[in-house]
Amino acid sequence: MLLGAVADDLTGATDLALSLSREGMRTVQVVGIPPADFDYGDAEAVVVALKSRTIPSPEAVALSLDACRRLIGAGAEQIFFKYCSTFDSTPEGNIGPVAEALHAELGGALTLACPAFPANGRTVYRGHLFVGDMLLSDSPMKDHPLTPMTDSNLVRVLQKQTALKVGLVTRDVVGRGIKAIGTAFEYAADRGEEIVIIDAITDDDLRAIGQAAAGMRLITGGSGIAIGLPENFRRAGKLSANRAESGFTAPQGKAVILAGSCSTATRRQVSVAIRAGTPALKLDPLDIAAGRTTADKVVDWVASTTGAIPLVYSSSEPEDVKRAQQALGRDRAGELVEELLADVALRLTSQGYCRFLVAGGETSGAVVNRLGVQALFIGPEIDPGVPWTVSVGLQQPLALALKSGNFGGEDFFLRAWDLV
Ligand code: ADP
């Protein structure tokens, strides 16, 4: 193992595993902390998918440290802490606390923070995160149910979450190339900075930063920054040169779409699918809390549908999410939906459903945990950052497309099936 990654949610981990495998590393994605005797096979990169984005920081820190120690113990030379390209976090964390703990664990040398993912419209300029043409704080991320992002200045956001001294390396330096970036890292370390936000607006920027960061034990960021890392191992002669592409076969059987994301892209995908004739059932957290909606009822509805692949969704407009949160509490509302969709998924597997498209990072984490999936084999990419995967470690393999809420084109729910 060369690169070990700790991802704070499942769809982010999948997105990262996809980038690394596309850049030529044999990659395995593990769900949760791998057991000490886990067989990584001949993996050159291992991505551990946690569900630690919104849990209390001490728990996120403990889990991330556990994962890091497992990966280092299995030979990883570099650790990558992966979070969302929209820097999803609350004022308490967990990006800052986890980065801080990993920084200390790995020797305390300078590290970087770069959520940029230009292919998906996430760029960082002068320390400010843009989503498409909008500042993060003007984007729909301001209304996220769990991690509303209301400040685009990442230096300020991160500094509020950590005792590490946060610095900034700007685009003018990044644009001058690898050597200039390396020098900027040295200056930052001389100034006592321990983690630098680094601008990136193109994939070339990310590759240059990746190369300049070859010697860092710890790197933190979105999956974008990972595109530059495999090349370092290749240049050092550590990557296997000749790699037969492993075949990908999705199991045949019944399929369902479960959407627990309220992100703009998912809401659009829901309405496009419904307009195209997809049978759809909308869940309301208040009905779940009151026992009016149960997993059994939802499963019966799914089984009763005919024709197009059915969609069960809780995706709602920000006002409706607020209403549910006011009545139930933010975490409780989220949990109720996640648990219900996870229950539904599990029950459907015993009725022959083996193809699941799940929308939402937290939602996917809940579903995959409930299904008992240990690891995922990465398959073809549906849209940037979202591959089909096949479960590893279950008696009946499942095809899973786990979509981060804001990813995917508007006809994603209709088109994803073409690849399986
Ligand atoms: P994304 O990838 O878009 O961030 P997530 O699944 O990570 O999606 O997060 C969405 C969160 O919102 C989940 O915890 C989910 O259970 C919760 N949620 C879904 N629908 C509703 C709703 N109608 N009201 C309140 N919370 C909801």
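Shown above is the structure to which this text applies.
Below: a short report on this structure. (Residues numbered from 1 in each chain as written. Predicted model: local features only at pLDDT ≥ 70, side-chain atom pairs only at ≥ 80, totals over all residues. Heavy atoms only, no water.)

**Digging into the nonpolar core**
Grouped burial of nonpolar side chains is what soluble globular proteins tend to show. Heads up, the condition is: The definition of a nonpolar core used throughout is a set of buried Ala, Val, Leu, Ile, Met, Phe, Trp, Tyr and Cys residues joined through side-chain atoms within 4.5 Å. We call a residue buried when its accessible area falls under 20% of the maximum for its residue type, exposed when it is over 50%, and partly exposed in between, using a 1.4 Å probe and counting protein chains only. Two residues form a contact once any of their heavy atoms are found within 4.5 Å.
F80, F87, L112, F185, I198, F356 and L400 are the most contacted members of the largest nonpolar core, which totals 113 residues. Residues contacting I198, with those up to four places away along its chain left out, are L112, A113, C114, V124, V169, V174, I181, F185 and I209.

**Thoughts on the environment of L348**
Here is the rule: The helix and strand labels rest on DSSP assignments: H or I over at least four residues marks a helix, E over at least two residues marks a strand, and numbering proceeds from the N terminus.
For L348, the location among the structural elements is in helix 13 (residues 330–349). The class for L348 is buried, based on a relative accessible area of 0%. Residues L348 and A255 lie 93 residues apart in sequence; the distance between their C-alpha atoms is 9.3 Å. Apart from the residues within four sequence positions on either side, L348 is in contact with V256, V299, V302, Y353 and F356.

**Details of the sheet that holds strand 6 (residues 122–125)**
What holds strands together in a sheet is hydrogen bonding between their backbones, with the strands either parallel or antiparallel. Our working rule: In short, DSSP must find at least two bridges between two strands for them to pair.
Spatially, the three strands line up as an open sheet ordered 6-7-8, and their pairing is antiparallel. Where the open sheet ends on each side, the last strands, each with one partner, are strand 6 and strand 8 (134–135). Bridging between strand 7 (residues 128–131) and strand 8 involves two bridges; their strand directions are antiparallel. For F130, the partnering residue across the bridge sits in strand 8 and is L135.

**Quick word on the packing of aromatic side chains**
For any pair of aromatic rings, the description consists of the separation of the ring centres together with the inter-plane angle of the planes. Here is the rule we go by: Any two rings among Phe, Tyr and Trp, with Trp reduced to its six-membered ring, count as a pair given centres within 6.5 Å; such a pair is stacked if its planes are under 30 degrees apart, edge-to-face if over 60, and tilted if neither.
Under the counting rule described, the total for this entry stands at six aromatic pairs. Residues Y83 and F87 carry aromatic rings whose centres are separated by 5.2 Å and whose planes lie at 80° to one another, so their mutual orientation is edge-to-face. Classification of Y83 as buried rests on a relative accessible area of 0%. For F87, a relative accessible area of 0% gives the class buried. For the pair F412 and F413, a centre-to-centre distance of 6.5 Å together with 75° between the ring planes defines the contact as edge-to-face. Using a relative accessible area of 2% as the deciding quantity, one classes F413 as buried.

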